[in-house]
Amino acid sequence: MTDVAVRPAENPSEPAERVGARPGREDRIFRAALVLIIAGAVAVRFSARQPLWLDEAQSVAIARLPLSGSGPTMWDGLLEDGSPPLYYILLHGWVGLFGNGAGAVRAMSAVINLLSAVPIFLLGRQLVGERAAKVAVVLYLTSPFALYFGTETRMYSLIVLLTALGGLALERVLRDPAVKNIALLALCAGCLALTHYWCLYVLLTVGAWLIGLIIIRPRIAAAQATRRARAGRGRGGHRPGAVRAPRPPAATAPAAVPGWPAAGNPAHAAGNPAHTAAGSMPHAAGGLAPATAGTQPADPAGGGARSGASPAELLADAAGGATRTVPQWHRRGPLAGVVGLIAGGLVFAPWLSNFFSQLAHTGTPWGEPASFAAVTHAYGQWAGGPTTLGRLLLFIVTGLVAAGIAGRPLGGRFMLLDLKGLEPGRTLFFLATGTLIVAVAAGKAVGNAWADRYTATAFVPFLLVVGLGATMLADRRVFRGVVVLAALIGVVAGTSDVRRERSQAGEAAAVLTRLSKPGDVLLVCPDQLGPGLARTVPSWLKVYVVPTYAPPDRVNWVDYEERNKKANGVAVAERALAEAGSHTVFMAGSGAYRTYEELCTQVRTTLQEQRPLADEVMTQGIPARVYENYALLRFRVS
């Protein structure tokens, strides 16, 4: 018999054994590095001072409207915008306290963004274990995706907060389907729907998963019980003359990082109920099986091997790999979860008539539905974003995601990947990916556009998968190195993204302050450039948007595409020339906006025909350097 045939899984090499020679010192260095990196990430969240772009400026303009009165109210602004009200109500109160400056309004998102770390940790502790939850929080705080939207005056940080809170409420319902827990889940579900309509996709995905547990899980549980019974009977007999192979000695179990509980260690989990939940999601997507206990009884006929264990599990056990524990949930938990989600409709009900009005008249005319390739693109955005460093981070995070879905540590530098996937990573990945697939399918069905920022609705389960994957790294030095490197790259890449100009509104304002005079007219085409410019341009300018010739502070999305198709760009240009008289007409414009491909050209051509003395006083920015970019033209009297 060869050495390979009898040798158990390889023990860690000698250098790996010396990794823990001075755990106290290494642990302090590791913690100090993370504290410094996280402190930098917190500071970055309050550093954005660039002028607001369309979505941010529109949000502030709506939030500044009064809640009641004879003139336009915030409710009128929301009907024209196509958004639900919860975020705007919060922003309305924030603006009343701290003002509407760029730094002030972005600070609300930063605060919510940081507060989200608490429920993410609590949820992670229940689902993937305390150690994985801490990693998930670290990678959340340093994530370029989270950093950027922590500096944007939009509802995406609130979505992350409510998603984590909703996950906690659902987990409580699954463990204890009491009325108070169902009511809490209903409140979270309703608040999600009142924050962004894409949250309906995550609610649909979770609802489908729960229904799958109700319908499919009992059948799979019965089939698994039958297979285990047959396997037990097959091992019960002993053929005469047969020699049972001795059980190989287990390799040294991977050492835990001091101060961070070992992930998935059954002995550790048994002593701490919080860690017993290191994998509290039952099987999903083709494996909706009942939750199993963290440890299995020894098989008396198999030398201590677990009854019914797969070859992969036996190999990992022989190598001393950590076990992913999956505790039981209450048998009525999934049904109670469905009830809680449906009851969330009661929270959403007062807004329902407005929702149907928005559904019929607003939507996303600025873009087109995405293909299913957008799902993989979303994972790239979550992992690191579009920068060079972000792509490097994507390489690291991809490995952690694979480990979180299917990995089991074998000790030292080794890891076993089960292609069927393991819980709870498999279910978390299913929920994140399923939400994105539902979003693409719904977009194709109703014609709604895709935006990477909307995928914040599915970001939390992705984070937990990444955190779980990091804990599958058994070698302490590798684990620490990967976490610190990923956090550092994330902050650097995120800082670069945060500092990118979001609009040329500040540059345009500087040019107009220098060149314009009282009585001059500024035409904005398309009107989507108006909200940002309205906050920065000189007060003496007369500013109008194309084609409505309305003030620029808000975009009215009601029947937007139909309105623009019927618009007459020539008439708008002639009206501006008549109002300007002997004064200069400026035009801020871009031809890259959907539904404005011909309209802005009509306006510019008419102005140039009437006033040949035209020049470009601001060049359109490069998209890689400024998100909302456009040119500024000047038409003077000859």
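All of these numbers come straight from a predicted model, not from anything done at the bench.

Further remarks concern the overall build of the chain. Helix and strand counts for the chain stand at 28 helices and 9 strands. Looking at the chain as a whole, 54% of its 638 residues are labelled buried. The long-range share in the chain, meaning contacts at least 24 apart out of those at least 6 apart in sequence, stands at 79%.

In this structure, the amide linkage connecting E423 to the following residue, P424, adopts the cis form with an omega of 5 degrees. Relative to the helices and strands, P424 is located in the loop between strand 2 (414-417) and helix 21 (425-446). Positive phi values are uncommon outside glycine, yet T595 reaches one of about 75 degrees. Position of T595 relative to the elements: it lies in the loop between strand 6 (585-589) and helix 28 (599-610). T595 sits in the buried class, given a relative accessible area of 14%.

Let's shift gears to the packing of helix 21 against helix 22 (residues 459-471). Interaxial distance between helix 21 and helix 22 falls to 8 Å at its minimum, and their mutual angle equals 150 degrees. Compared by their axis directions, helix 21 and helix 22 come out roughly antiparallel. Like other packed secondary-structure pairs, helix 21 and helix 22 cross with a definite hand, here left-handed. Contacts between helix 21 and helix 22 involve G425, L428, F429 and A432 from the first element and P461, F462, L464, V465 and L468 from the second. Class assignment of the residues belonging to the contact of helix 21 with helix 22 gives a composition of 8 nonpolar, 1 polar and no charged.

Here we take up the side chain of D475. Mapped onto the fold, D475 is located in the loop between helix 22 and helix 23 (476-499). For the buried D475, which has no salt bridge, the nearest side chain bearing the opposite charge is R477, at an N-O separation of 5.8 Å. Within the local environment of D475, its side chain forms a polar contact with the backbone nitrogen of R477, the two atoms lying 2.9 Å apart. A distance of 3.1 Å separates a polar side-chain atom of D475 from the backbone nitrogen of V478.

What follows concerns the environment of L468. Assignment of secondary structure puts L468 in helix 22. In sequence terms L468 and R131 are 337 residues apart; their C-alpha atoms lie 8.3 Å from each other.

Within the structure shown, the criterion is met by 1 disulfide. A disulfide bridge connects C525 with C600, and the sulfur atoms are separated by 2.0 Å. Between C525 and C600, the S-S torsion sits near -95 degrees, and that sign places the bridge as left-handed. On the criterion of sequence distance, the pair formed by C525 in strand 4 (residues 521-525) and C600 in helix 28 is long-range, its members being 75 residues apart. Each member of the pair C525 and C600 is classed as buried. Its sulfur unpaired, C188 is 6.7 Å from the next cysteine sulfur, which belongs to C191. The buried category is assigned to C188, whose relative accessible area is 9%.

Since the α-helix turns once every 3.6 residues, residues separated by three or four places project in the same direction. The terminal C-alpha atoms of helix 21, which comprises 22 residues, lie 32 Å apart, in line with the 32 Å expected from a rise of 1.5 Å per residue. Immediately beyond the C-terminal end of helix 21, within one or two residues, lies G447, with a positive phi of roughly 85 degrees.

Here we take up the side chain of N181. The topology assignment puts N181 in helix 12 (residues 179-193). Of the residues examined, N181 reaches a relative accessible area of 4% and is grouped as buried. At 2.8 Å, the side chain of N181 and the backbone oxygen of D176 are in polar contact. Once residues lying within four places of it in the same chain are set aside, the contact partners of N181 are R172, V173 and D176.

Structurally, the position occupied by A402 is in helix 20 (residues 388-406). Measuring from C-alpha to C-alpha, the distance between A402 and R426 comes to 9.8 Å, with 24 residues separating the pair along the chain. Contacts of A402, omitting those with residues within four sequence positions, involve G407 and L417.

With that out of the way, let us pick up the confidence of the model for the chain. Across the chain, pLDDT averages 85, with 82% of residues at or above 70. Every residue in residues 1-21 scores below 50 in pLDDT, and together they form 20 contacts with partners more than four places removed in sequence or on other chains. Predicted confidence for residues 237-305 stays below pLDDT 50, and this span has 167 contacts to residues more than four positions away or in other chains.

Time to look at the pairing of strand 6. In terms of burial, strand 6 is a largely internal element, 5 of the 5 residues being buried. Of the two faces of strand 6, the one holding V585, M587 and G589 and the one holding F586 and A588 are both buried throughout. Across 5 bridges, the pairing between strand 4 and strand 6 is parallel. Each residue of the ladder has a partner; that of C525, found in strand 6, is G589. Alignment of strand 6 against strand 9 (residues 631-635), held across 5 bridges, turns out to be antiparallel. Across the sheet, A588 pairs through a bridge with L632, a residue of strand 9.

A contiguous nonpolar surface patch, about 480 Å² in accessible area, is contributed by I211, I214, I215, I216, L335 and V339. Mapped onto the nonpolar patch, the elements with two or more residues apiece are helix 13 (199-236) and helix 17 (333-348). With 4 residues, helix 13 is the largest single contributor of residues to the nonpolar patch. For I214, the location among the structural elements is in helix 13. Residue I214 is classed as partly exposed on the basis of its relative accessible area, which comes to 34%.

Turning our attention to helix 22. Taking 1.5 Å per residue, 13 residues should reach 18 Å; helix 22 reaches 19 Å between its end C-alpha atoms and fits that length. When you tally the buried positions in helix 22, you get 13 out of 13 residues, the bulk of the element.

Further remarks concern the nonpolar core. The biggest cluster of nonpolar side chains holds 127 residues, and the ones touching the most others in it are Y140, W209, L210, W382, W450, F459 and F462. Among the elements that line this core, the one with the most residues is helix 11 (residues 156-175), at 12 residues. Beyond its immediate stretch of four places on either side in the chain, F459 contacts Y140, S143, F145, A146, V160 and W382. In this structure, L54, C525, A576 and L632 belong to the second largest nonpolar core, which totals 44 residues.

As a further point, take the pattern of salt bridges. According to the stated counting rule, one finds 18 salt bridges in the structure shown. Ionic pairing is found between R477 and E26, a salt bridge with its closest N-O pair at 3.6 Å. Here the residue R477 occupies a position in helix 23, and E26 occupies one in helix 3 (residues 23-45), the gap between them amounting to 451 residues. Among the salt bridges present, the one from R106 reaches E56, with a minimum N-O distance of 2.9 Å. Here the residue R106 occupies a position in helix 7 (residues 102-115), and E56 occupies one in helix 4 (residues 54-63), the gap between them amounting to 50 residues. Like E56, R106 is buried. Members of the salt-bridge network, linked through shared partners, are E26, D27, R31, R477 and R480.

Criteria and thresholds
- Residues numbered from 1 in each chain as written.
- Predicted model: local features only at pLDDT ≥ 70, side-chain atom pairs only at ≥ 80, totals over all residues.
- Heavy atoms only, no water.
- Helix = DSSP H or I, 4+ residues; strand = E, 2+ residues; numbered from the N terminus.
- Buried < 20%, exposed > 50% of the residue type's maximum accessible area, 1.4 Å probe, protein only.
- Contact = heavy atoms within 4.5 Å.
- Axes fitted to C-alpha atoms, helices over the stretch in contact; angles between N-to-C directions.
- Parallel < 35°, antiparallel > 145°, perpendicular 65-115°, else oblique.
- Left-handed = near helix turned anticlockwise from the far one by under 90°.
- Nonpolar A, V, L, I, M, F, W, Y, C, P; charged D, E, K, R; others polar.
- Lys, Arg positive; Asp, Glu negative; His and termini not counted.
- Salt bridge = Lys/Arg side-chain N within 4 Å of Asp/Glu carboxyl O.
- Polar contact = N/O pair within 3.5 Å; in protein donor to acceptor, adjacent residues only side chain to side chain.
- Disulfide = S-S within 2.5 Å.
- Expected span 1.5 Å × (residues − 1).
- pLDDT = per-residue confidence, 0-100.
- Pairing = 2+ DSSP bridges.
- Patch = residues over 30% accessible without salt bridge, like charges linked within 9 Å, V, L, I, M, F, W, Y side chains within 5 Å.
- Areas by Shrake-Rupley, 256 points an atom, 1.4 Å probe, with all protein chains shown as cover.
- Core = buried A, V, L, I, M, F, W, Y, C linked by side-chain atoms within 4.5 Å.

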